[in-house]
Amino acid sequence: MISSKVLDVTNHPSFDNHEQIVHFEDPATGLQSIIAVHNTNLGASLGGCRIFPYASFEDALTDVLRLSKGMTYKSALASLPLGGGKAVIFGNPRQIKTAELFHAFGEAIESLNGAYITAEDVGSAESDMIEIAKKTSYVAGLPEAIHGQEDGVSGNPSPVTAYGVYCGLKACAKEKYGDPSLAGRKVAIQGMGAVGYALARYLVEDGAALVVADLHKEALEKAQAEFADKVSIGDPITIHAEDVDIFAPCAMGAILNDRTIPDIKAAIVGGAANNQLAEPRHDLMLKDRGILYAPDYAINSGGITSVGYEYFARTGRNPYTHPLTSGTMMAHVARIEETLGQVFTLADNKGLSTGEAADQLAREKFMETPLPRVSTQTSVA
Ligand code: NAD
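Residues numbered from 1 in each chain as written. Predicted model: local features only at pLDDT ≥ 70, side-chain atom pairs only at ≥ 80, totals over all residues. Heavy atoms only, no water.

**Looking at helix α6 (residues 194-205)**
The cut-off we apply is this: Runs of E in the DSSP output that reach at least two residues are strands. Runs of H or I that reach at least four are helices, and both are numbered from the N terminus. Any helix carries an expected span of 1.5 Å times its number of residues minus one. Note on exposure labels: buried denotes an accessible area under 20% of the residue type's maximum, exposed denotes more than 50%, and partly exposed covers the range between, all computed with a 1.4 Å probe on protein chains only. Here a residue-residue contact requires only that any non-hydrogen atoms of the pair lie within 4.5 Å.
Taking 1.5 Å of rise per residue, the 12 residues of α6 would be expected to cover 16 Å, and the 17 Å separating its terminal C-alpha atoms lies within 8% of that figure. For α6, the set of buried residues is Val-195, Gly-196, Tyr-197, Ala-198, Leu-199, Ala-200, Leu-203 and Val-204. Buried residues along α6 sit in contact with α5 (158-177), β8 (186-190), β9 (209-213), α7 (217-227) and β11 (246-249).

Below is the structure:
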């Protein structure tokens, strides 16, 4: 039997007028989870399910409060009719996963009546989403195999994220050099994983030269085989300090910090990694050094757009007047270029850091501008 308890944490330092924070426990399956719904002004909240062996309840609570708020800003700035939410499940993903645990988690999501839609995140995988979907329809990012529609919007979001980063880097080039073309530019990519590799393809096709770094030799060998003289191999420890035009962090968070920022030679920093700034103040540190920073949640929203479109299509909840196809989805993602242009203009006009400008634009969208709402009523079982 799952028990649920609404948490009253208004005094918590990471509380930001969250709408709902619920703690779920199911002794039978070992499920221990917190779901936080930050804001649903624009629609049901969508955000991944993180499975992590938190050291304490407090750590898990802080994480879910912070991450759910971030999702509100990311979806709003991407003009998605979605709010911000997140779930955390306590435990080591290598040890706790069972079908029963995900069924219990699905029931927990269902009990929120559509206020929260889950998706993959650190520690959770597509196969877990399939189990959750047996108990609730409020799951996004399901694979094509169980999608049952030939709309081309389901599947792996990583290539879509990469396309969005590529579009965002064009906005950065336009702001910095007056020309969005990336031809002839030199780009250092940290992390040749799902997103970094796909980004490399877009950049090479456009005529850019690359320096890439990864912890895994195979990823680098693959890049060398495919991109030949367009790529050289950098060191994971010093990739941020390469003498390039653009540094694209596509690995882990907190890469922009007191140690790395003084060494950055690139004029532009923009990449897929989440939470790139070690602390909010590092945004200002980049500004002071004259480095143009594309706020991470603004440039990497291709992934949430992809899972959002998949969810809208599968559940028959199309909030738009356009059909949900891979073409309309990619056109939506391409608007990252325009949105980042607006972020840079606002930052220039008001003397703000780009992070402050992105936050301001996002807040205007989810606090003031109505977008078409996604119904929270289930239309497909
Ligand atoms: P991934 O796990 O496929 O790739 C990450 C790569 O980075 C791996 O190849 C890993 O070996 C490498 N790496 C790790 N530490 C490194 C280091 N210190 N130096 C160099 N390489 C290092 O992950 P991904 O899906 O490509 O995502 C990359 C980043 O983008 C993550 O921060 C992720 O949260 C973020 N992101 C991804 C998506 C998406 O759609 N996949 C969407 C939004 C944000």
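Okay, back to it.
**Examining the pattern of salt bridges**
If the charged atoms of two oppositely charged side chains come close together, the side chains can form a pair. Test applied: Basic side-chain nitrogens of Lys or Arg form a salt bridge, by our definition, when they fall within 4 Å of a carboxyl oxygen of Asp or Glu.
Across all of its chains, the model carries 11 salt bridges by this definition. Across the pair Lys-86 and Asp-121 runs a salt bridge whose closest N-O atoms are separated by 3.0 Å. Separated by 35 residues along the polypeptide, Lys-86 in strand β6 (residues 83-90) and Asp-121 in the loop between β7 (116-117) and α4 (126-132) bring together distant segments of the chain. The exposure class of Asp-121 is buried, given its relative accessible area of 18%. The salt bridge partner of Glu-310 is Arg-314, with a shortest N-O separation of 2.6 Å. Taken as a pair, Glu-310 and Arg-314 lie in helix α10 (residues 302-314) at a separation of 4 residues, close to a single helical turn. By relative accessible area, which is 1% here, Glu-310 ends up buried.

**Some thoughts on the pairing of β11**
Our working rule: By the convention used here, strands pair only if DSSP detects at least 2 bridges between them.
Of the two faces of β11, both are covered, the one formed by Ile-246 and Ala-248 as well as the one formed by Phe-247 and Pro-249. By the bridge criterion, 4 bridges tie β8 to β11 in an arrangement that is parallel. Residue pairing in the sheet places Ala-188 in a bridge with Phe-247 of β11. For β11 and strand β12 (residues 268-269), the ladder comprises 2 bridges, and the chain directions are parallel. Across the sheet, residue Ile-246 finds its bridge partner in β12, namely Ile-268.

**Quick look at the nonpolar core**
Let me state the cut-off plainly: In these notes, a set of buried Ala, Val, Leu, Ile, Met, Phe, Trp, Tyr and Cys residues joined through side-chain atoms within 4.5 Å is what counts as a nonpolar core. Domain segmentation is taken from an automatic or database assignment of domains.
Counting residues in each nonpolar core, the largest one holds 99 residues, and the members touching the most others are Leu-169, Ile-189, Leu-199 and Leu-203. The element best represented in this core is α5, accounting for 10 residues. Composition of this core by domain shows at least three residues from each of domain 1 (3-139) and domain 2 (158-300 + 336-365). Excluding residues within four positions of it along the chain, Leu-169 makes contact with Leu-182, Leu-199, Leu-203, Ile-246, Ile-268, Gly-270 and Ile-299. Counting 15 residues, the second largest nonpolar core, distinct from the first, contains Ile-239, Ile-261, Ile-291 and Tyr-293.

**Concerning the state of the cysteines**
What counts, and what does not: Cysteine sulfurs are considered disulfide-paired once they come within 2.5 Å of each other.
Going through the model one piece at a time under the given rule, you end up with 0 disulfides. Left without a disulfide partner, Cys-172 is nearest to the cysteine sulfur of Cys-167, which lies 11 Å away. We classify Cys-172 as buried; its relative accessible area is 0%. With no disulfide of its own, Cys-250 has Cys-172 as its nearest cysteine by sulfur position, at a separation of 12 Å. Note on Cys-250: relative accessible area 12%, which makes it buried.

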